[in-house]
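The residues making up each chain are set out below.
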Amino acid sequence: MRPARYILLAVLMTAMAAPAAASVSWEITHSAENQGALFSDVAVMGINTLYTVGAKPVGLFGEENAWFSSDGGATYQVKQSSSFSGLCSFPAMFNTYNSTDFLNLFQGAIAGGSVPPWCQLLPSPECLACVLLCEPTVWLTSDGGGSLARKYGRGDFFGEFFFVDYLTNDHLIAGGNGGTMVECYSTDCQYWATINGPLGLSGNYTDSDFYDGEFGAIAATVVDDDKLSSAMPESADEAFERFTALRDASRYLKDPVYRLRLRAQGKAPAITASMGGCYLTEGGRTWVTVFEEDDVAALLTSFYNELRGFVITDEPDSATGAQFTLNYTKDGGNNWYKGELPEQGVDGNPYDAADVKFLSSRLGYIAGASLGDDVEQGFVLHTNDGGETWSFMLMQPPAPLRSMDFFNRLLGYIVGDKNFTARYVGVNEAPSADAGADQTVGIDARVVLDGGASDDPDDYIDSWIWIQTLGDDVELWEYQSPQPYFIPHEAGVYKFKLTIEAGGQTDSDVVRITVSDDIDDDADDDADDDDDDDFWDDDVDDDANDDIDDDNDDGDDDDGSPYSGDNENDEYSYESIDEGDEDGCCGC
């Protein structure tokens, strides 16, 4: 997120929080008190530790750019700053610190743009031209942000990175304007490789969200403007024109306050977007197009898994006051829907998005800015139905909001202009176990128990345990999965109890299986049996017992493969237990 250092932030200090939903709370830990300052991004390093980047003017020729807090944002320690120490130090004042990500309390990365170090070696006043030579830059730290090492700093005329992400401990990826996207595969990032993005050099890669290690989503926009060419300008006037156009394009793509001000003044967008898209990737090696729309800019994206995600574009909704459109999918991009946003913004003013995050398949947040006649404020929107409907939560933060990051689904932080900081505290709601419907089967039938309808509001079922509580002892295979199975050799009543655990809370349910010797297993096997394996032939239709519910993708155990499946809200994967290992069964 690009610091809007070119804008004078005149924000009235009015704080009034609307009632939050019962399951979460927001606590302002750092009030908006620094005029002209902003946090552009935040990385949560621990429960109470966070690192922020942005810009805060200090005097006439100084600036702070990075801060560390160990008390949840109540106080901040300056980690990075710059000051005027001579004419040739002036270009460095235009460095940008847009994004940050940390692996732990010590190892992290910052991405943005900076002038080449050799610029300060030029004689004065020639060195001032370096203002126009900003390069996309990545800095690394191994001491919690106290010192930064410039690891990547080469690229196009006035380029910058918009995002940086650790996919794994030794795989880092960064993307920005001018088609620039790079990666490194070591902790010290001595060597970098260019990633061939889905839009090539035409793409402006604005946002990323990696939901599972190497797997994630990237938003990108194609901009039509000759002034945004990366070629070296031929004159000073052309250089300044290019510098201004690139600066404004970057601000438009990453700064909601700038977009709101343009529209309030009746001005056209700072860019002409020919297409905005979202692409799923495995570490930048493969790309799958899941969203593309003409004549819009794709600003933000967030995916909870490969099926559920958001894409925010710059298309205004005149009926609601929202200066953006929220698109959501529940099937990996095969179908997209428009989210229903509130009919009016904060105090009835137009509002625009700065960040979006999915915490579960249903729970998501949008943070951003609202602009009135003489006041700039922030907002947080909340959904609990996967993006279909939205409502305001923290109704009137006293400053525009810029970025959110979550330590886990129960704790996170949100930051914005004037160094505003708030803590998010969620509530772990209890899970609900469902052991499935009672069944009547025949002797020697293969009986599949089905706990797939169990639910956790937070989409985090940590464990499944089945135990037999009644009946002749049987071997219960895969008893730590949602759908174990057994083969009864005696008639009678069997009961099994399912216990699920999620976030430290548990719930249980019992299913009853009646085994009758009146049911002829072979006689009841019909043409629908597609097992082609006499050993597993049973008296119960395969569609009901052998095959997992159709809502799960890979639940059929007939081929003996490891169990895997997913339903609408949960994902799980379990290796098959060796049937020759007594430790792999329950009730042996």
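Residues numbered from 1 in each chain as written. Predicted model: local features only at pLDDT ≥ 70, side-chain atom pairs only at ≥ 80, totals over all residues. Heavy atoms only, no water.

A.B. asks: I keep staring at the state of the cysteines and nothing clicks. Help me out?
C.D. replies: A disulfide bridge is the covalent bond that connects two cysteines by way of their sulfur atoms. Going through the model one piece at a time under the given rule, you end up with one disulfide. Each sulfur in the disulfide pair Cys184 and Cys189 lies 1.8 Å from the other. (Disulfide = S-S within 2.5 Å.)

A.B. asks: Please explain the packing of aromatic side chains as it appears in this structure.
C.D. replies: Two measures describe an aromatic ring pair: the distance that separates the ring centres and the angle between the ring planes. A complete count under the given rule lists 22 aromatic pairs for this structure. Between Tyr351 and Phe379 the ring centres are 5.1 Å apart and the planes differ by 75°, which places this aromatic pair in the edge-to-face class. You can see Tyr351 sitting in strand β22 (residues 351-358) and its partner Phe379 sitting in strand β24 (residues 376-383), a full 28 residues away along the chain. Each of the two residues, Tyr351 as well as Phe379, counts as buried. Consider the rings of Phe486 and Phe496, whose centres lie 4.8 Å apart with planes at 40°: the pair is tilted. Here the residue Phe486 occupies a position in strand β33 (residues 485-486), and Phe496 occupies one in strand β34 (residues 492-502), the gap between them amounting to ten residues. (Phe/Tyr/Trp six-rings, centres within 6.5 Å; stacked < 30°, edge-to-face > 60°. Helix = DSSP H or I, 4+ residues; strand = E, 2+ residues; numbered from the N terminus. Buried < 20%, exposed > 50% of the residue type's maximum accessible area, 1.4 Å probe, protein only.)

A.B. asks: Teacher, can you tell me more about the layout of surface pockets here?
C.D. replies: One way to see where empty space is left: roll a probe the size of a water molecule over the atoms. By volume, the second largest pocket is sized at about 370 Å³. Forming the walls of the second largest pocket are 21 residues, and the residues nearest its centre are Ser82, Ala92, Asn95, Tyr97 and Trp139. Mapped by element, the contributors of at least two residues to the lining of the second largest pocket are β4 (62-69), β5 (77-83) and β9 (149-153). When residues in the lining of the second largest pocket are grouped by element, the largest group, four residues, is from β5. Each residue belonging to the lining of the second largest pocket can be placed in one class, and the counts come to nine nonpolar, ten polar and two charged. (1 Å grid on protein atoms, 1.4 Å probe; cavity = no way out; pocket = protein on both sides within 12 Å on 5 of 7 lines; lining within 4 Å. Points joined across faces, edges and corners; volume = space filled by probe spheres on them. Nonpolar A, V, L, I, M, F, W, Y, C, P; charged D, E, K, R; others polar.)

A.B. asks: When you look at helix α2 (residues 256-264) in this model, what are you seeing that I'm missing?
C.D. replies: Because each turn of an α-helix spans 3.6 residues, side chains separated by three or four positions end up pointing in the same direction. The set of residues buried in α2 consists of Pro256, Val257, Tyr258, Arg259, Leu260 and Leu262. Structurally, α2 contributes buried residues whose contacts are with α1 (236-254), β18 (298-303), β22, β23 (364-371), β24 and β26 (401-408). The backbone nitrogen of Val257 has a side-chain oxygen 3.0 Å away, supplied by the residue at the start of α2, namely Asp255. Just past α2, the residue Gly266 takes up positive phi, approximately 70°. (Contact = heavy atoms within 4.5 Å. Polar contact = N/O pair within 3.5 Å; in protein donor to acceptor, adjacent residues only side chain to side chain.)

A.B. asks: Would you explain the pattern of salt bridges in this entry?
C.D. replies: Oppositely charged side chains can pair when the atoms bearing their charge come close. According to the stated counting rule, one finds 15 salt bridges in the structure shown. When the shortest N-O distance is used, the salt bridge between Arg261 and Glu376 registers 2.3 Å. Here Glu376 lies in strand β24 and Arg261 lies in helix α2, a separation of 115 residues in the sequence. Ionic contacts of the salt-bridge type, sharing partners, join the residues Glu214, Glu282 and Arg285 into one network. (Salt bridge = Lys/Arg side-chain N within 4 Å of Asp/Glu carboxyl O.)

A.B. asks: Honestly, a nonpolar patch on the surface in this entry has me stumped. Any pointers?
C.D. replies: There is a patch of nonpolar side chains on the surface, built from Leu60, Phe61, Phe84, Leu87 and Leu128 and spanning about 490 Å² of accessible area. Tracing the backbone shows Leu128 in the loop between β7 (108-114) and β8 (135-141). (Patch = residues over 30% accessible without salt bridge, like charges linked within 9 Å, V, L, I, M, F, W, Y side chains within 5 Å. Areas by Shrake-Rupley, 256 points an atom, 1.4 Å probe, with all protein chains shown as cover.)

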